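Structural description and commentary
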Amino acid sequence: MKMVFVGPPGAGKGTQAEKIIAKYGLLHLSTGDMLRAARDAKTPIGIKAEEYMSSGQLVPDEVIIGIVVDRLAQPDAKKGFLLDGFPRTLVQAGELDRNLNAASDPLDVVLELRVPEDELYKRLASRGRADDKPEVIKERLVAYRKQTEPLVEYYSKQGILKTIDGIGSVDEIFARVEKVLDSCR
Ligand code: B4P
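Just so you know, these numbers come straight off a predicted model, no measurement behind them.

**What to know about the nonpolar core**
Core analysis: the largest hydrophobic core is formed by 27 residues, its most contacted members being Leu83, Leu96, Leu107, Val110 and Tyr155. Listing elements by their share of this core, those giving two or more residues are strand E1 (2–6), strand E2 (27–30), helix H3 (44–53), helix H4 (61–72), strand E3 (81–84), helix H5 (90–102) and helix H8 (150–158). With four residues, the top contributor of residues to this core is H4. Leaving out residues up to four positions away in the same chain, Tyr155 has contacts with Pro87, Ala93, Leu96, Leu107, Val110, Ile160 and Leu161.

**Structural notes on the packing of helix H7 (residues 134–148) against H8**
Where H7 meets H8, the axes come as close as 5 Å, and the angle between the chain directions of the two elements is 35 degrees. Touching Arg145, Lys146, Gln147 and Thr148 of H7 are Pro150, Leu151 and Val152, all from H8. Looking at the contact of H7 with H8 residue by residue, the class counts come to three nonpolar, two polar and two charged.

**Let's talk about the site of the ligand**
Neighbouring the ligand are 30 residues; Lys13, Thr15, Thr31, Arg127 and Arg140 lie closest to it. One of the side-chain N or O atoms of Gln92 is found 3.0 Å from a nitrogen atom in the ligand. Contact with the protein chains removes 86% of the 1,000 Å² of surface that the ligand exposes when unbound. Looking at the shell around the ligand, the elements with two or more residues in it are helix H1 (13–24), helix H2 (31–40), helix H6 (117–127) and helix H9 (170–184). It is H2 that provides the largest number of residues to the shell around the ligand, a total of four residues. Per-class residue counts for the shell around the ligand are eleven nonpolar, eleven polar and eight charged.

**Re the side chain of Asp84**
Within the secondary structure, Asp84 sits in strand E3. Despite its burial, Asp84 pairs with no opposite charge; the closest candidate is Lys13, at 5.3 Å N-O.

**A word on H5**
Here H5 spans 18 Å end to end across 13 residues, near enough to the 18 Å set by a 1.5 Å rise per residue. Regarding H5, the residues found buried are Gln92, Ala93, Leu96, Asp97 and Leu100. Along the axis of H5, the buried positions cluster into a sector of 135 degrees, meaning they face one direction only. Residues Arg98 and Ala102 are exposed on H5 and point more than 90 degrees away from its buried face. Summarising the contacts, the buried residues of H5 are in contact with E1, H4, E3 and H8. Positive phi appears at Ser104, one or two residues downstream of H5, with a value of about 50 degrees.

**Considerations on the packing of H1 against H9**
At a minimum axis distance of 10 Å, the contact between H1 and H9 shows a crossing angle of 50 degrees. Judged by the inter-axis angle, H1 sits oblique to H9. For the pair H1 and H9, the sense of crossing is right-handed. Packed against H1, whose contacting residues are Thr15, Gln16, Lys19, Ile20, Lys23 and Tyr24, the element H9 presents Val170, Asp171, Ile173, Phe174, Val177, Glu178, Leu181 and Asp182 at the interface. Counted by class, the contact of H1 with H9 contains seven nonpolar, two polar and five charged residues.

**A short note on the sheet that holds E3**
If you trace the five strands from one edge of the open sheet to the other, you get E2-E3-E1-E4-E5, paired in parallel fashion. Because the sheet does not close on itself, it has two edges, and the strands there are E2 and strand E5 (161–165). Taking each pair of neighbouring strands and ignoring which way they run, the sheet shows an average axis angle of 20 degrees. Of the strand pairs in this sheet, E2 and E3 are connected by four bridges, and their pairing is parallel. Its bridge partner being in E3, Leu27 is matched across the sheet by Phe81.

Analysis parameters
- Residues numbered from 1 in each chain as written.
- Predicted model: local features only at pLDDT ≥ 70, side-chain atom pairs only at ≥ 80, totals over all residues.
- Heavy atoms only, no water.
- Core = buried A, V, L, I, M, F, W, Y, C linked by side-chain atoms within 4.5 Å.
- Buried < 20%, exposed > 50% of the residue type's maximum accessible area, 1.4 Å probe, protein only.
- Helix = DSSP H or I, 4+ residues; strand = E, 2+ residues; numbered from the N terminus.
- Contact = heavy atoms within 4.5 Å.
- Axes fitted to C-alpha atoms, helices over the stretch in contact; angles between N-to-C directions.
- Nonpolar A, V, L, I, M, F, W, Y, C, P; charged D, E, K, R; others polar.
- Near = heavy atom within 4 Å.
- Polar contact = N/O pair within 3.5 Å; in protein donor to acceptor, adjacent residues only side chain to side chain.
- Areas by Shrake-Rupley, 256 points an atom, 1.4 Å probe, with all protein chains shown as cover.
- Lys, Arg positive; Asp, Glu negative; His and termini not counted.
- Salt bridge = Lys/Arg side-chain N within 4 Å of Asp/Glu carboxyl O.
- Expected span 1.5 Å × (residues − 1).
- Arc of directions from axis to C-beta.
- Parallel < 35°, antiparallel > 145°, perpendicular 65-115°, else oblique.
- Left-handed = near helix turned anticlockwise from the far one by under 90°.
- Pairing = 2+ DSSP bridges.

Here is the structure:
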């Protein structure tokens, strides 16, 4: 199964992704985790990415697309994957489609986790990561609405979008995810 997770910052994509990979045995590719690892290792890409992440902006498409396309070309991605945090722009989504379609292996499902903004502020404030300061959260939500939310319509038109209510306990939400994924298999 090849799937993508879409949702605003703090919707719980990373949290649900851990449970999905444990049950369905997919490769978990989180672009946020990849960028934080590159930043901590002080690679040139990591240093460049940090400028954007710390102010709540998306890193430029050309930076992130190269990383993901290279990763998806590795043999362990052939058995299926969960992309968490990618794509985040229509340009990224187009590149992903182009790559997968070239291998005649398109996406199976896109899960949208829907959570209202007041709840996102609460969750991110209590997580307390470096980019979870109120002013940065605000910028991340603006970036989400402007650059990422159009993906909902993009994938809806492709007929592969499934929207999940992201309010409730982690286990309640996972039960909703399982119901959708089991119906796609
Ligand atoms: P990400 O690392 O993708 O981070 P996220 O969207 O903030 O988090 P997520 O939705 O996974 O929430 P989580 O489960 O952790 O991105 C960070 C930055 O990297 C971006 O701002 C951007 O700069 C850059 N970036 C990444 N990918 C990019 C791309 N493709 N293009 C350009 N730039 C890119 O949950 C959040 C909190 O809520 C946790 O504390 C969790 O415990 C809690 N929580 C989870 N589920 C809950 C529930 N049901 N109830 C209550 N709390 C819950």
